[in-house]
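Understanding the architecture of this molecule
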Amino acid sequence: MSSRLSWQALDRSARAGDLDGIAGLLLSATEDERLAAAKPVEAGIRAVDTDLWWRSDISPTPGWALAVIGCMPTAARAAALLGRRGMQTWSRTSPDRFLTVARARELTWLGDLGVRLAERLPVRDVWFEDWRFAAALLRAGGADPPVTEGFVRGWLNQLLRAHQPVPSLRQRLRGDPFLDRLLPGVFEIDGLGADAAVGHLSPRTGSWDATPRFPSVIADLVAEGRLERKVIVDATVDRLVRGDRASALRPFVLLHEALALTTDELATYAPDYARLLPDAPSAVAGPAQRALRAVDDAGRLELRTLLEVSAATLVRTEKTLVRAQLSWLERVLRREPQRAADILRTVAAAFGHPAPDIQERALTLIGRHRDRLDPATLADLGEAAGALAGDLPARAADLLGVPAVAPAPAVPGLPPVLPVAEVPPPISGVAELREEIVLLMAEETALRWERVLAALIALRGCGLAEALAPLLDRPEFTEQAWMPQHRLVLLGEAIRALGGRGQRMLPALTAGQRGGPGSVLAARIAEVGVELSRSPVPLLLATPTHVNGSLDASVLLERLARIEADGRQPWQLDLHQALLRVPRQADPALAARAARLTSPAGRQFAAWLAEGGMPDPVSTRLKQRIGSKSLRPAHDRTVVPSRVLATLRPARTGGLPWEERLLTLDRPALPRHRATDPIAETDILTMVLPHHREATAAWALVGLAGLADQDQRGGGHLLPLLAECTGPVGPAMTLALAYTLAARHEADRVAGVDAFLTLAAGPEPFAAALGAELGHLCGPDSLIKLTRVVPALADAHRAGATAAVWDVLLHALPLLLPKSPRGLPDLLSLATQVARAVHGRADMPELAAVAGRNGTSRLFREARRLQTVLAG
C-alpha cells in the first residue's frame, strides 16, 4: 500500500472535511494500492463510533464514504459500509465528486451499487440526497432502478417538490429516464397517491396552489402520445378499484377526470364503476356514479346492474350521492314505466337510510308513481315502511293504502363490559428480555415497560449485565445533553447499574416527581437504577396484573409478604405506585390478612385498604377566555379564543407524597398561545392511576381539546383506555369525551365512540352530563363543531348504545335549540330515530317553540317530526 494512501491519512482528512485531499490521495494511487487499502478502510470505519461525529462541527462521513468508493473491490462491501448506522449523511455531498473517483477506477459495479443503495431506501421519509445519490449511480452504471416503495417515492417527490418553473414538470417527466419503469409503481404501490397529491407554487402568482400537478401532467403526456392511453386508463381505474386512503386516491380521481374517458371507454369499465359506487369513498363514488349514468344515458347499462348498485348505494350516508341516485332512478322509471315495480322496490331501500329527510324523499318518489303499482307491490312497500322514522310510517300507510306497520320493539341494552384482560406471563429468560428491550426501543408501551422493569429485578444474577451490555452501544441509550431524563437513557443507566456503573439517576428521580402522571414512569426507571445496587429487592411490587394498570390486592399482599420474609424494605416509588393501582373496594378477609403484616410497608398497605385507597380529587370545570381580540397574536392561527378545561385539587391533606403532585393541577386564565402538543404514550398515562380516570383525563385535556378546536391528530385512543379504567366520570372525563367525539379526524372520533360504548355498558352515569356539556360547547363561541358530533352519536346509536344516546340528546337539545348551531337539523333527525327506537316521550318547550314556527326550512321540518314522535 502507498505510504500516502492509508486509513490514518484518509480518516484525518475526513475529520477535517478535506474532500479534495481525499480525492487527491485516491486519484494519485494505483488501482492495486487502492484495493490494498480496502481492508484497513473497512476495519477503520467499523471500529469508529459513528454516533460521535454528531458532536463535532464537521461530519467525517462524506470523507469516509469517498474512501469506500475509492477502495472497495465489490458493490456488496461498499453498500454494507455506506449503509451503516450513522453513515447516511455522506450522501448530502454532491455525487459528482464520488463519480469522478469511480470513473477513474473504471468500476463495472456502479449500477449494482446503485441498485443496492436504492433497495435500502426507507419506505417513508426518503431523504432527497439519499435518492439522488442512488439515482446518479444507477444512471452512471446504466442499471434499471428497482421498483421499490422507497425509490419510487423518492423519484416522485424529487419531481413534484421541485419548484423551478423551467424546465416545467411536463418537460422533466417527458425526458426522465426512469419514467417508463417507475410510473407504474405510482399506481400500484399503496399510499403513493398521497405523495402525488402535493400542491405547488403557482408560476403566475407565486402563491401556493393546493391543486396537484401530477394528474394534469400525466394527462398531457397521454394526449401527446408520450404515454400510452390504454395503459394509463387501465392503471387509473385499477387503482380506484383497489382502494386506498381518500387522500391517496385524490390524484387518481383527478386524473380520471382529466383523461375525459369516451362513452366506449366508460362502458368498458362499467363493471368496475358498479363496484365503486356502493363502497368507495365519496370522492371516488361520485365520479363512478357519473360514469355509470353516462353509460346508462347511452343505453349501454343493464337495468339489473343499475338496480343492484342502487340498492346498496341508497343506504350510503352521503346525502348528495343518495339524492342523485334517487333522481336517476326516477328518470329511468319515466323511461321504462313497465319496470316500475322493480324500480320502486329498489327505491324503498332508502327507507333504511339513517336520515329521515332521505327516507321522506324516497317515500315521496314512490307516492308520485303509486298508480303504476299492483296490490302485491304496494303491500311489499308497506311492509318495508316499517324501517321509516318518526311520523313517516303513518304517512306511508296513508299514501300506499295499506295498514300501518307496528312500531319496532325497544332496542335492547348493550351487553355487559368484558373483564379487563390480564397481563401476559412475566419474562422468563435473558434472551426474551433482550428481545423485549429491542421492541421497546422501536415502540414504547406501558405494558412492555412494566415487563422489562420486572425482569431486570427478577433475573438479576443470571448473567444479565453481560448479556445486555452489547445493547448499550445502540444510540437509543446514548445520553443526549438535551434529553437527560429520556426513559430509554434512564433504562441504559439502569442496565449499567447491574454492573455497578449507574451513577446519573438522582436528578431524574427528583425531577420525575414534579409533574403529572406522564412523569411517573421515568422516576420509577431512575429508582431502579439507583436502588439496584444500594438496596436490592427480590421483585417489584407495582407490576400490574391487568392491562389497564390495575393490581390485584391479593397479589400485592403476597409480594409484600415475600419482601417482609426476606427482611427487606420495598422501594418507596415502587410501593406508592403499587398502592395507587390497587382497586379501592377491598375484600374484608383480605384486609384482615393485610393487617397481620408487621413491616412498615405492610402496615401502610393495611391502612390503605382500610381507608378505601386514595379519595377522588376535586375536579372543577374552568373556562379560559381571551377577553380582547387584541390579545390574540395576529400571526398565530392556533390561538383559540376560549376553551374549557378542568382543575384538580386533592380531597385530603397528607396521604402519599405523590397525591399532591398527581392531584394538583392549575390552569391559566388564558388559553395557551400555541398549537397543542398531540397526546402520546396514552397507556403510559392511564396505567399510573387506573382507578382515578378523572385525574388522568384532567391532565390530558389540553391535548384532547386540540383534537376538536385546533384540528390536531392523534391522542383520541386515550379515551377507550380511560373508559376501561374505573372511578367516577366528572367534568374532566366528560370534557375529554366531548372533545374526542368532536375531533377533526375520523380515527380520533371512532376512538371516542368506542369509549362511549364502554361507558354506556358500565355502571357510572355520564350521558346526562355529556349532553349538557355538548349543549354548552356548541354554543355561540363554537368551541366544538356539532356537525362532527352528530355522526359520532349516530354511530353509537347504531352500535347499540341507544338509551345512552337518548339521554345525551335529552340534555343537549334544550340548550342547543335556542342557539340553532350549524348541524342542528341533523341532530334533530338523529333524535327522531333514537326516540322512536326507545319509545321516547318528553315535554320539551324549546322544541315546541321551534316546531311551532311558520316556515319550510329543514330545521322546522325536523323539529315538527321529532315533536310528533315525542307526543306519541
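In this report, the structure presented in the accompanying data block is examined. (Residues numbered from 1 in each chain as written. Predicted model: local features only at pLDDT ≥ 70, side-chain atom pairs only at ≥ 80, totals over all residues. Heavy atoms only, no water.)

**As for the packing of helix α31 (residues 520-534) against helix α33 (residues 572-581)**
Test applied: Axes here refer to lines fitted to C-alpha atoms; in helices the fit is confined to the stretch in contact. Angles between the N-to-C directions go from 0 to 180 degrees. Under the DSSP-based scheme used, a helix requires at least four consecutive residues in state H or I and a strand at least two consecutive residues in state E, with every element numbered from the N terminus. What sets the label is the angle itself: under 35 degrees gives roughly parallel, over 145 gives roughly antiparallel, 65 to 115 gives roughly perpendicular, and the rest give oblique. Note on definitions: a residue-residue contact is assigned when non-hydrogen atoms from the two residues lie within 4.5 Å. Only Asp, Glu, Lys and Arg are considered charged, only Ala, Val, Leu, Ile, Met, Phe, Trp, Tyr, Cys and Pro nonpolar, and every remaining residue, Gly among them, polar.
Look at α31 against α33: their axes get within 9 Å of each other, and the N-to-C directions meet at 140 degrees. Overall, the two elements α31 and α33 adopt an arrangement that is oblique. On the side of α31, the interface is formed by V520, A523, R524 and E527, while α33 contributes Q572, L573, D574, Q577 and R581. Counted by class, the contact of α31 with α33 contains three nonpolar, two polar and four charged residues.

**Observations concerning the side chain of H546**
Which entries qualify depends on this criterion: Identification of polar contacts relies on pairs of N or O atoms within 3.5 Å, with a donor-acceptor requirement for protein atoms, meaning one able to donate a hydrogen and the other able to accept it, and with residues adjacent in sequence counted only if both atoms are side-chain atoms.
Mapped onto the elements of the fold, H546 is located in the loop between α31 and α32 (553-565). Within polar-contact distance, the side chain of H546 engages the side chain of T545 at 2.9 Å. Setting aside anything within four residues of it in sequence, one finds H546 in contact with V420, A421, E422, V423, D552 and M687.

**Here's the deal with the nonpolar core**
Defined as follows: As used in this record, nonpolar core signifies buried Ala, Val, Leu, Ile, Met, Phe, Trp, Tyr and Cys residues forming a set joined through side-chain atoms within 4.5 Å. Exposure is judged per residue with a 1.4 Å probe applied to protein chains only, and the accessible area is read against the type maximum: over 50% gives exposed, under 20% gives buried, and values in between give partly exposed.
Among the nonpolar cores identified, the biggest contains 135 residues, and F151, W155, L183, F214 and Y273 are the most heavily contacted of them. L539, M614, L830 and L870 belong to the second-largest nonpolar core, a separate cluster that totals 109 residues.

**Focus: the packing of helix α23 (residues 356-368) against helix α47 (residues 858-870)**
Two numbers describe a pair of packed helices, the interaxial angle and the distance between the axes. Their axes nearest at 11 Å, the elements α23 and α47 cross at an angle of 90 degrees. Taken together, α23 and α47 sit at an angle that is classed as roughly perpendicular. Two secondary-structure elements touch here, α23 through P356, D357 and E360 and α47 through R858, R861, E862 and R865. Counted by class, the contact of α23 with α47 contains one nonpolar, no polar and six charged residues.

**A word on the pairing of strand β4 (residues 642-649)**
Here is the rule: If DSSP finds at least two bridges between two strands, the strands pair.
Burial analysis of β4 places seven of its eight residues in the buried class, which makes it a mostly covered element. Note: strand β3 (residues 618-625) against β4, eight bridges, orientation antiparallel. Note on β4: the bridge partner recorded for V618 is R649.

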